[in-house]
Amino acid sequence: MNSRLSVPQPRKIDRDQLSYLSDSSIVIPLPKSVDRAQLVFLSGNGNINPPLITSIDRGLVRYHSSDGIIRVPKAQNISRDDVKRLRPKLTVLEKNIASPVTPGSRFFPPFEITQELENKAASRIGQYPSEESRSAVLPLLHEVQHKFGFISLESIDWVAKRLNIEPIKVVEVVTFYPGFRQKAPGRLHVRVCRTLSCAMGGSHNLMDKLCAITGIDRAEADGHKDPISVSPCGNFSVEYAECLASCGTAPVCLVNDDFHEGITADKAADLLESYENA
Ligand code: FES
């Protein structure tokens, strides 16, 4: 009888083999804790060289957690001062609003809080119940745009203070309604309707003709963020608008606050000339 024991060498075995050998699920033993003395004993040279952790996937994390649940550490409290310190230099308003300066700026006064403006604001706000004063945001913005040509960052702050709301609430309104401008238009601002009836009636040709006459380059125009293009002289600016509610008389456009119907490309020059002395 052979008295020697033959112990089989451990072989590497992959997960598929494991699942084949076990009838159901694979049960992987939980890792045991091991103390430093054992580690030193197990390392060949007596030094402990813990491996550097680079990345680790969720499956591995679950395997190493004692109950299979991955716990994400809670976010720590952070003070308002810390937030201020970490805040990027540009504010949300500055990042979202294009530079307002254009050749048309010379036709509009810089935003200024005058007594006249304060009186108008008080009268507009007074038209709403005191607990709903924020509803005056649209009338106040119209007042600002009418006098200063566009809605500047300073005017957004002023409207927010007058209505006791956060400036971002005013920004939301300004960026939602395409009628509010975020940069100075030209002295004559033309809004050309491009919705179906007007597009079929030739509004794109009208826009091309207006640009050709006034020297406007629309190459940089961005329909959402920066829709207004201004002529180098600052006298004219153009912008596409959605349906201006006169589809039966397409193509139509607005010049400042005046409505014009049936303006085909061949009438573009006459249209602009009619404002020569405006
Ligand atoms: S499509 Fe231009 S006014 Fe309606």
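Source: prediction; values computed, not measured.

Draft legend 1. The arrangement of unusual backbone geometry in detail. For the peptide bond that leads from A250 to P251, omega is -5°, which places it in the cis range. Relative to the helices and strands, P251 resides in the loop between β3 (236-241) and β4 (253-255). Non-glycine residue N164 carries a positive phi angle of around 60°. Within the secondary structure, N164 is located in the loop between α8 (153-163) and α9 (167-176). A positive phi angle is found at A245, which is not glycine, with a value near 70°. Position of A245 relative to the elements: it lies in the loop between β3 and β4. The exposure class assigned to A245 is exposed, which follows from the 10 C-beta atoms found within 10 Å.

Draft legend 2. Quick look at the pairing of β3. Here β3 lies mainly inside the structure; 5 of its 6 residues are buried. Strand direction decides the pairing type here: strand β1 (residues 188-193) and β3, joined by 6 bridges, are parallel. Paired with L188 across the bridge in β3 is F236. Taken together, the 2 bridges between strand β2 (residues 229-230) and β3 define a ladder with antiparallel strand orientation. Counted as the bridge partner of V230 is S237 from β3. The turn linking β2 back onto β3 is made up of 5 residues, and G234 within it adopts a positive phi angle of 85°.

Draft legend 3. Quick look at the nonpolar core. Counting 18 residues, the largest nonpolar core has V192, L206, V238, V252 and C253 as the members making the most contacts within it. Elements with a minimum of two residues in this core: β1, α11 (203-214) and β3. Here the element with the most residues in this core is β1; it accounts for 4 residues. One finds A136, L141, F148 and I151 within the second-largest nonpolar core, a separate group that totals 16 residues.

Draft legend 4. Spatial organisation of the sheet that holds β3. In space, the 5 strands of this open sheet follow the order β2-β3-β1-β4-β5, with mixed pairing throughout. Because the sheet does not close on itself, it has two edges, and the strands there are β2 and β5 (258-260). Strand direction decides the pairing type here: β4 and β5, joined by 3 bridges, are antiparallel. Across the sheet, the residue bridging to C253 is H260, located in β5.

Draft legend 5. Spotlight on the environment of L272. Relative to the helices and strands, L272 resides in helix α12 (residues 268-273). On the neighbour-count criterion, L272 (18 C-beta atoms within 10 Å) is partly exposed. Each C-alpha atom, one on L272 and one on F236, is 9.1 Å from the other, the two residues being 36 residues apart in sequence.

Draft legend 6. Summary view of the packing of helix α7 (residues 137-148) against α8. Interhelical geometry of α7 versus α8 gives an angle of 145° and a closest axis separation of 10 Å. In the packing of α7 onto α8, the handedness of the crossing is right-handed. For the pair α7 and α8, the contacting residues are V137, L140, L141, V144 and F148 in the first and S155, V159, R162 and L163 in the second. Among the residues forming the contact of α7 with α8, the class breakdown is 7 nonpolar, 1 polar and 1 charged.

Calculation rules
- Residues numbered from 1 in each chain as written.
- Predicted model: local features only at pLDDT ≥ 70, side-chain atom pairs only at ≥ 80, totals over all residues.
- Helix = DSSP H or I, 4+ residues; strand = E, 2+ residues; numbered from the N terminus.
- Buried ≥ 20, exposed ≤ 12 C-beta atoms within 10 Å, placed from the backbone.
- Pairing = 2+ DSSP bridges.
- Core = buried A, V, L, I, M, F, W, Y, C linked by C-beta atoms within 7 Å.
- Axes fitted to C-alpha atoms, helices over the stretch in contact; angles between N-to-C directions.
- Left-handed = near helix turned anticlockwise from the far one by under 90°.
- Contact = placed C-beta atoms within 7 Å.
- Nonpolar A, V, L, I, M, F, W, Y, C, P; charged D, E, K, R; others polar.

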